[in-house]
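What follows is the residue order along each chain.
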Amino acid sequence: MKPFTYERADSPAAAAAAAARNPGSRFIAGGTNLLDLMKLQIETPPHLVDVTGLKLDRIDKTDDGGLRIGALVRNTDLAADDRVRRDYGVLSRALLAGASGQLRNMATTAGNLLQRTRCPYFYDTNMPCNKRTPGSGCSAIGGYSRQLAVVGSSGSCIATHPSDMAVAMRALDAMVETVRSDGSTRTIPIADFHRLPGETPHIDTNLAPAELITAVTLPKPLGGKHIYKKVRDRASYAFALISVAAVIGKDGKGRVTIGGVAHKPWRVDAADAQLPQGAKATAQALFADAKPTKDNAYKIPLVERTLGVVLAQAGAKS
Amino acid sequence: MASELEITRRGVLAGGAATAAMATTNPARAQMTNQTTPPPTVPVTLDVNGTSHTLNLDTRTSLLDALREHIKLTGTKKGCDQGQCGACTVLVDGKRINSCLTLAVMQQGKRIQTVEGLGTPDSLHPMQAAFVKHDGYQCGYCTPGQICSAVAVIAEIRAGIPSHVTPDLTAKPQLADAEIRERMSGNICRCGAYSNIVEAITEVAGAKA
Ligand SMILES: Cc1cc2nc3c(=O)[nH]c(=O)nc-3n(C[C@H](O)[C@H](O)[C@H](O)COP(=O)(O)OP(=O)(O)OC[C@H]3O[C@@H](n4cnc5c(N)ncnc54)[C@H](O)[C@@H]3O)c2cc1C
Ligand code: SF4
């Protein structure tokens, strides 16, 4: 690990200002992704701003009947919250399908959204990777790509976003609230939060440097059946090969977001519209523009079949 | 052609500041040896098993390294050092975490409990005794982490925290075999003592129910 200086921030605006004063610095929350990457010298911040004392660890009702989840709420606490279990089951289920009990006790809402890809070449500092070292090339294209993206990728990067929680947040149309170093705040719809790789795969999200996430809000409860189905190489404690987050109404209408297939949680309006027609039609709309590799083409039929299981479980046409 | 590639790669790897010799070594390590200023340190007070320890630590020190290398409590083990194996599991304010993925300086003021704080050889914690009775280990390396995790798992189920295998999210989770297995999945045992570990945990959970 590279040496770094450390400070604790005492307000969200002060944290953003501290990060702005120290170019290249990072906020640290649970530390479960950042410290891992720092040990491998994939991340080398010269300064850390500890945000765990910011008291952003509450879950409150919003005026319009939704929930405001503080950026520092731990994954365990979010998954176990009675309101989340009752009204946003897909979110509880997605969180509980991720990582381990120990990691969920540390991982935070904001940190989870901002975790970086698990592309094996991103982790191997001996290999070219445009996400880690812009302009060095992409080892995954033509390389080992079994876990990587089938849709929305570019000639620069075919990485996937590894978060389970973010997939459920996308299905729920969550909003990300932030504060910048000048004290100004803004709200980013989750659909616009993560980016596709394009020519700049080293930029994962539309957050500005030193911009701090303060909360994630959920709209008022949607009703319907909430299902999160994750397919992975072992039954527990593994990242998704693919996952399906769905909220399905009695009439078979609803919304669906796919994890493990793209650089961001993958949701397509035209696919939501196809849900009453069943899994095949929905999958066709989701992957109309897919460009799988030889190694990961299996993900497309896997999503279709998993969608079939999810729709059957919801009591809708599968 | 080949030499052109060589130069580009070197430039990329070492940020343009390396010598030819460094191009073949780990660039990060090469830069460490070049370091002239000592790394930043911070004063840290840690409450471990009820004893307060005041240390002056390199900011990079993980809680795990602080426990093992500075406080000399070597019960907590370093396995992967990447949060994947669970050997470093300790309890902080009663909750289990991977001590390898947190900085010691971030745990100031928290109540840290390691396997040494659960019981002593003369007075074992019920979970330690159950691991002995049920042969919940072979080589023993993962055992302190397994035991800390197991103690927390029972508390988590009792507190009503759901898991991936909890059938109904709105109901209280049960102290069932499947629940224990899922919740213990963050602790890897290379000897494969899993079934005996589940038996040990089940006995302790039942005895206290
Ligand atoms: C072995 C292992 C297995 C895992 N398995 C899974 C899995 O199956 N599914 C899954 O979804 N995840 C998995 N994870 C990833 C885990 O969920 C993330 O590491 C965790 O959610 C990150 O949260 P954190 O609070 O620890 O983030 P940190 O590591 O503290 O931070 C991550 C990033 O977010 C930034 N950040 C943190 N807080 C803020 C803020 N408030 N505002 C702006 N920036 C901020 C940091 O600067 C950093 O860049 C796994 C991790 C490990 C180590
Ligand atoms: S897919 Fe993206 S993360 Fe993986 S090697 Fe290519 S550029 Fe790097």
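Residues numbered from 1 in each chain as written. Chains lettered and ligands numbered in written order. Predicted model: local features only at pLDDT ≥ 70, side-chain atom pairs only at ≥ 80, totals over all residues. Heavy atoms only, no water.

- The name given to chain B in an unreviewed UniProt entry is Aldehyde oxidoreductase iron-sulfur-binding subunit PaoA, with Novosphingobium hassiacum as the source organism.
- UniProt, in its Subcellular location (unreviewed entry) section for chain B, records the words "Periplasm".
- Of chain B, the UniProt comment under Catalytic activity (unreviewed entry) reads exactly: "an aldehyde + A + H2O = a carboxylate + AH2 + H(+)". (UniProt positions renumbered as here; feature names shortened; annotations may be inferred.)

- By the naming in an unreviewed UniProt entry, chain A goes by Xanthine dehydrogenase YagS FAD-binding subunit and is assigned to Novosphingobium hassiacum.

## Focus on the domain arrangement of chain B
Residues and elements named next belong to chain B.
Part 1 of the argument: Entries for chain B in the domain assignment read domain 1 (39-117) and domain 2 (119-209).
Part 2 of the argument: One C-alpha centre belongs to domain 1, the other to domain 2; they are set 22 Å apart.
Part 3 of the argument: Between domain 1 and domain 2, the residue contacts involve 16 residues of the former and 15 residues of the latter.
Part 4 of the argument: Summed over both partners, the interface of domain 1 with domain 2 comes to about 1200 Å²; 53% of that surface belongs to carbon and sulfur atoms.
Part 5 of the argument: Taken together, the connections running from domain 1 to domain 2 amount to 1 salt bridge. (Domains from an automatic or database assignment. Contact = heavy atoms within 4.5 Å. Buried area = accessible area lost by both parts, 1.4 Å probe. Salt bridge = Lys/Arg side-chain N within 4 Å of Asp/Glu carboxyl O.)

## A word on helix 11 (residues 279-286) of chain A
Residue and element names in this part refer to chain A.
Part 1 of the argument: For helix 11, the tally of buried residues reaches 6 of 8 residues, placing the bulk of the element in the interior.
Part 2 of the argument: All of the buried residues along helix 11 are Ala279, Ala281, Thr282, Ala283, Ala285 and Leu286.
Part 3 of the argument: Buried residues along helix 11 sit against strand 11 (254-259), helix 10 (269-274) and helix 12 (299-313). (Buried < 20%, exposed > 50% of the residue type's maximum accessible area, 1.4 Å probe, protein only. Helix = DSSP H or I, 4+ residues; strand = E, 2+ residues; numbered from the N terminus.)

## Structural notes on the site of ligand 2
Part 1 of the argument: Neighbouring ligand 2 are 13 residues, the closest being Cys119, Cys129, Cys138, Cys157 and Ile158 of chain A.
Part 2 of the argument: Residue classes in the shell around ligand 2 are distributed as 9 nonpolar, 3 polar and 1 charged. (Near = heavy atom within 4 Å. Nonpolar A, V, L, I, M, F, W, Y, C, P; charged D, E, K, R; others polar.)

## Re the environment of Gly252 of chain A
All names here are of chain A.
Part 1 of the argument: Looking at the element boundaries, Gly252 is found in the loop between strand 10 (242-248) and strand 11.
Part 2 of the argument: Each C-alpha atom of the pair Gly252 and Gly315 lies 7.9 Å from the other, and the pair is 63 residues apart in sequence.
Part 3 of the argument: When sequence neighbours within four positions are dropped, the list of residues in contact with Gly252 reads Leu275, Pro276 and Ala316.

## As for the interface of chain A and chain B
Part 1 of the argument: The partner chain B presents 47 residues to the 45 residues of chain A that form the contact.
Part 2 of the argument: With both chains or domains summed, chain A and chain B bury close to 3600 Å², and 56% of this area falls on carbon and sulfur atoms.
Part 3 of the argument: On inspection of chain A and its partner chain B, the count reaches 1 salt bridge.
Part 4 of the argument: Across the contact surface, chain A and chain B share 20 residue pairs in polar contact (both at pLDDT 80 or more).
Part 5 of the argument: Sorting the residues of the side of chain A that touches chain B by element identifies strand 1 (5-8), helix 2 (34-39), strand 3 (47-50), helix 3 (75-80), helix 4 (82-87), helix 5 (89-96) and helix 6 (101-106) of chain A as the ones contributing at least two each.
Part 6 of the argument: It is helix 6 of chain A that provides the largest number of residues to the side of chain A that touches chain B, a total of 5 residues.
Part 7 of the argument: Here the side of chain A that touches chain B is composed, by residue class, of 17 nonpolar, 18 polar and 10 charged. (Polar contact = N/O pair within 3.5 Å; in protein donor to acceptor, adjacent residues only side chain to side chain.)

## Details of the pairing of strand 11 of chain A
All names here are of chain A.
Part 1 of the argument: Judged by how many residues are buried, strand 11 sits mostly within the fold: 5 of 6 residues are covered.
Part 2 of the argument: Note that strand 10 and strand 11 share 6 bridges and pair antiparallel. Within strand 11, the residue paired with Val247 across the bridge is Arg255.
Part 3 of the argument: The turn linking strand 10 back onto strand 11 is made up of 5 residues, and Gly252 within it adopts a positive phi angle of 85°. (Pairing = 2+ DSSP bridges.)

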